[in-house]
Amino acid sequence: MPFKYSKVTFFQLLLPVLFILIFSCRKVNILSSDHGLKLRISSPQISFDTVFTRINSTLRTVSLHNDNQEAVEISSIRLKGNLAGNSFYSFSAGGKPGPLARNLKLSGGDSITLYIKVQIPANELITPFIEQDSILITTNGNNQGIALKSYGQNVRFINDTLISSDTHWNAIYPYVINHTLTVANGATLRIDAGSRIYFHGLTGLNINGSLIVNGEVKFPVIFNSDRLESIYNSVTGQWRGILIEPDGNTNLINYSQIMNAETGIAILSAQPTISLQATISNTQIYNMSVDGIYCQNTAVKLLNNVVSYCQNSLLEVTGDSYVQAKQNTFYNSNQLYLHTVPSVSLILSGSADSILFLNNIIYGTLTDELFISGARKVTLKGNLLSSNMSTSYPLNTYNADPLFRLPSENDLHLQSTKSPATSKGVSLVNDPDFGILAKDFDGVARKAPPTIGAYEVN
């Protein structure tokens, strides 16, 4: 005879379970006054990276966990510095804004999140400075704290949209560009070594006149987004980039670092020209959402540059361009994003002998990192290439790992003299650009014969 559950048996089984659940819920929500109960703080210290004065930082979060079974009351969360009226920090907790939040009940096993930011006013200091404060938390009579530290930096804000006369920027304070800035035809913008140029949002620098960047090996000129927190270090497309439409003017960019834009440098001409329009030398360009360098119908020299980690091409040359690339290092991989486009793309029109590549490394995770199309004659000598073009261009080294020191950290120095690039370059002693090429990207004298790429091997 099958066994049948009776109503009494069912409720007898159910009641203990209900009792346990009700008791547990009551215990979680019973407010305890035990002075021994404390909160677990996810981060007892919050540090903000470089924060420009007068600009809000990004938000930082800290979680307050009640790991106890009983509920506790957070009688107050307050900024210590605000007690004296001099705190630059602010926070909110459980929907309540600071500088003082009171009487927050936190059930057992529950947590609450603090959202913290800082805005530092301008002062007269030239070098970065530290601003500190703390958040004091009182729970059941227990005092706990969160230390706050920020590195402040005074800046010069550029709110104009046009430079119509010759202008000189120095390295005393960083510059923050709030709107896309255009250098008008006939005007020249000169930037000193060690200057730092930051762009707010999707702004950029457009050159219709001339741009002269006078960086030095130990004091390059920095072009970057104004978001300097470490979480933005590898975020592409944060600003537009540098657009050069030279209209016959000469542009010189020497010793600079350009990062985290859409396209690092785009040089465009409406009509083809054989007059040199830009020389880019000793410059590092990386982490672009489109191209590192883009050239269209233009005449450009690329000397001793390091270009890496772009979602499209590191160098794209189109139209009837006249490009000479010597002693550059081009490297791309799948490390930061899907890498499907050749590192260097030459999509050419016209018929002049105007494309020259000497002693460059063009390497990456694709089988072919060099793409050439069009009827133009291209000269390739002394390069190390990831490519299957050895029959068409025999005077190069093919498909040999250059043995970069630490490519995952964007360190493209060569590990040692065992690199296949060592002493494999063609001599450039009589080259018209030897004044720049006599030393490598680091300012180290080149050997004879030179190492391929931007870095000489010691």
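Please refer to the structure higher up on the page.
Residues numbered from 1 in each chain as written. Predicted model: local features only at pLDDT ≥ 70, side-chain atom pairs only at ≥ 80, totals over all residues. Heavy atoms only, no water.

Visitor: Help me understand the packing of aromatic side chains, please; the structure alone is not making it clear to me.
Guide: Geometrically, a pair of aromatic rings is defined through the distance of the ring centres and the angle of the planes. Tallied over the entire structure, the rule returns 10 aromatic pairs. For the pair Phe48 and Tyr89, a centre-to-centre distance of 6.1 Å together with 50° between the ring planes defines the contact as tilted. Placement of Phe48 in strand β2 (residues 45–52) and of Tyr89 in strand β5 (residues 89–93) is noted, with a sequence separation of 41 residues between them. Given the relative accessible area of 1%, Phe48 is considered buried. Taken together, a centroid distance of 6.4 Å and an interplanar angle of 70° make the contact between Tyr363 and Phe404 edge-to-face. Of the two residues, Tyr363 sits in strand β35 (residues 361–364) while Phe404 sits in strand β40 (residues 404–406), which places them 41 residues apart along the sequence. Overall, the relative accessible area of 17% leaves Tyr363 in the buried class. For Phe404, a relative accessible area of 5% translates into the label buried. Chaining the aromatic ring pairs together yields one cluster made of Tyr309, Tyr331, Tyr363 and Phe404. Above the face of the Tyr322 ring, Arg376 is positioned so that its terminal group lies 5.9 Å from the ring centre. (Phe/Tyr/Trp six-rings, centres within 6.5 Å; stacked < 30°, edge-to-face > 60°. Helix = DSSP H or I, 4+ residues; strand = E, 2+ residues; numbered from the N terminus. Buried < 20%, exposed > 50% of the residue type's maximum accessible area, 1.4 Å probe, protein only. Lys NZ or Arg CZ within 6 Å of the ring centre and 35° of its normal.)

Visitor: Please explain the pattern of salt bridges as it appears in this structure.
Guide: Should their charged atoms come close, side chains of opposite charge can pair. Within the structure shown, the criterion is met by 8 salt bridges. Between Asp67 and Arg40 there is a salt bridge whose closest N-O contact spans 2.6 Å. Separated by 27 residues along the polypeptide, Asp67 in the loop between β3 (60–65) and β4 (72–79) and Arg40 in strand β1 (residues 40–41) bring together distant segments of the chain. Owing to a relative accessible area of 42%, Arg40 belongs among the partly exposed residues under this scheme. Of the charged contacts, one joins Asp433 and Lys326 as a salt bridge, the two residues approaching to 2.7 Å between their closest N and O atoms. Residue Asp433 is found in the loop between β41 (411–414) and α2 (434–437), and its partner Lys326 is found in strand β31 (residues 322–326); the two are separated by 107 residues along the sequence. Of the two residues, Asp433 and Lys326, both sit in the buried class. Each member of the salt-bridge network shares a partner with another, and the members are Lys301, Lys326, Asp431 and Asp433. (Salt bridge = Lys/Arg side-chain N within 4 Å of Asp/Glu carboxyl O.)

Visitor: What is the right way to read the pairing of β5 from this model?
Guide: Consecutive side chains along a regular strand alternate between the two faces of the sheet. Only one face of β5 is buried: it carries Tyr89, Phe91 and Ala93, and the other face, with Ser90 and Ser92, is open. Relative to strand β8 (residues 111–118), β5 runs antiparallel, the two sharing 5 bridges. Across the sheet, Ser90 pairs through a bridge with Lys117, a residue of β8. In the sheet, β5 pairs with strand β6 (residues 96–97) via 2 bridges, with the strands oriented antiparallel. Considered in β6, the bridge of Ser92 is made with Pro97. Linkage of β5 to β6, two consecutive antiparallel strands, is achieved through a turn of 2 residues, within which Gly94 is found at a positive phi near 60°. (Pairing = 2+ DSSP bridges.)

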